[in-house]
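Here are the chains, one letter per residue:
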Amino acid sequence: MRKVVILNLLLLVSSFAISQNSEEKNDCDLPANFEEPKSEKKVLRWLKKFDATTDDLKKHVSVENDVNLENVTLIRISEQKGNGMYILCVNGKRMKYRRMGSVFSRLDEKLFDGN
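First, a word on scope: everything that follows refers to the structure included in this document.

In a beta sheet, neighbouring strands pair by backbone hydrogen bonds and run either parallel or antiparallel. Pairing is antiparallel in the open sheet, where four strands are placed in the order β1-β2-β3-β4. Two strands in the sheet have a free side with no partner beyond their single neighbour: β1 (72–79) and β4 (103–106). Ignoring which end each strand starts from, the neighbouring axes of this sheet average 25° apart. Where strand β3 (residues 93–100) lies against β4, four bridges are found, and the strand directions are antiparallel. Residue pairing in the sheet places R98 in a bridge with S105 of β4. Helix α3 (residues 54–64) contacts β1, β2 (83–90), β3 and β4 of the sheet and is inclined by roughly 130° relative to β1.

This paragraph deals with the layout of surface pockets. Its volume calculated, the largest pocket comes out at about 150 Å³. In terms of lining residues, the largest pocket is bounded by E36, P37, K38, S39, L44, T53, T54, D55, K58 and L74. At three residues, α3 tops the list of elements feeding residues into the lining of the largest pocket. Its residues placed into classes, the lining of the largest pocket shows three nonpolar, three polar and four charged.

A few words on α3. For α3, the full list of buried residues reads T54, L57, K58, V61 and S62. Buried residues of α3, viewed axially, fall in a sector of 130°; they line one side. Residues of α3 that are exposed and point more than 90 degrees away from the buried face comprise D55 and V63. Considering only its buried residues, α3 is in contact with β1, β2, β3 and β4. Of the residues one or two after α3, D66 is the one with positive phi, at around 55°.

Here we come to the nonpolar core. Here is a general trend for soluble globular proteins: nonpolar side chains tend to be buried in one another's company. Formed by 15 residues in total, the largest nonpolar core has its most connected members in L57, V61, Y86, L88, V90 and Y97. The residues contacting Y97, other than those within four sequence positions of it, are L57, H60, V61, E64, N65, G84, M85, Y86, L88, S105, R106 and L107.

A few words on the environment of L57. Mapping L57 onto the fold places it in helix α3. Looking at L57, the relative accessible area reads 0%, which means it is buried. Between the alpha carbons of L57 and S102 there is a distance of 9.8 Å; along the sequence they are 45 residues apart. Each residue touching L57, except ones within four places of it in the same chain, is listed here: L74, Y86, L88, Y97 and F104.

In this section: the state of the cysteines. Scanning the entire structure with this criterion turns up one disulfide. The disulfide bridge from C28 ends at C89, spanning 2.3 Å between sulfur atoms. Across the S-S bond of C28 and C89 the torsion is about 120°, and the bridge reads as right-handed. Placement of the pair is C28 in the loop between α1 (2–21) and α2 (41–48) and C89 in strand β2, with a sequence separation of 61 residues. Under the relative-accessibility criterion, C28 is labelled buried at 16%.

Cut-offs used in this document
Each chain has its residues counted from 1, following the order in which its sequence is written. Selection of residues for local features in this predicted model requires a pLDDT of at least 70, selection of side-chain atom pairs for listing and counting requires 80 or more, and totals for whole chains, interfaces and linings are taken over all residues. The side-chain quantities take in all heavy atoms of the structure and omit both hydrogens and water. Strands qualify as paired when DSSP identifies two bridges or more between them. Where helices and strands are cited, they refer to DSSP runs of H or I of at least four residues and of E of at least two residues respectively, numbered from the N terminus. Think of each axis as a best-fit line through the C-alpha atoms, taken over the contacting stretch in the case of a helix, with angles from 0 to 180 degrees between the N-to-C directions. Residue contacts are counted whenever heavy atoms from the two residues lie within 4.5 Å of one another. Residues are called lining when one of their atoms sits within 4 Å of a cavity or pocket point, these points coming from a 1 Å grid over the protein atoms alone, where a cavity is a set in which a 1.4 Å probe fits but cannot get out and a pocket is an open set with protein on both sides within 12 Å along at least five of seven lines. Grid points are joined across faces, edges and corners, and a volume is the space filled by probe spheres set on the points. Gly is put with the polar residues, along with every residue not named as nonpolar or charged; the nonpolar set is Ala, Val, Leu, Ile, Met, Phe, Trp, Tyr, Cys and Pro, and the charged set is Asp, Glu, Lys and Arg. Buried residues are those whose accessible area, probed at 1.4 Å on protein chains only, stays under 20% of the maximum for their type, while exposed residues exceed 50% and partly exposed ones sit between those limits. The arc in question is the one traced by the directions running from the helix axis out to the C-beta atoms. By convention a nonpolar core is built from buried Ala, Val, Leu, Ile, Met, Phe, Trp, Tyr and Cys residues, the set being connected through side-chain atoms within 4.5 Å. Cysteine sulfur atoms are paired as a disulfide whenever they fall within 2.5 Å.

Below, the structure written as structure tokens:
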């Protein structure tokens, strides 16, 4: 009985510690020599046809959040021809965006209404 209690306590403590470490920071602490990631050439050629490049995303984000274009920095991208996920630093705040086709939206927004 004592071993079961100790095991459960150990699992509880370790899961709590892991959950505390996995939280993302909301601020953008980028090094001075940080370079924005670039799209692959194959994907970039395809995205230019539909005005869905990372430059178009940055323009979209700056207008949506009412900030200057210089205050929008790409941190990480993961994209294919049909979709993409982007992490940006917008005026010191970390935001996630996605692309479906040529439509950009903030990750916490619903793209289609279920009604």
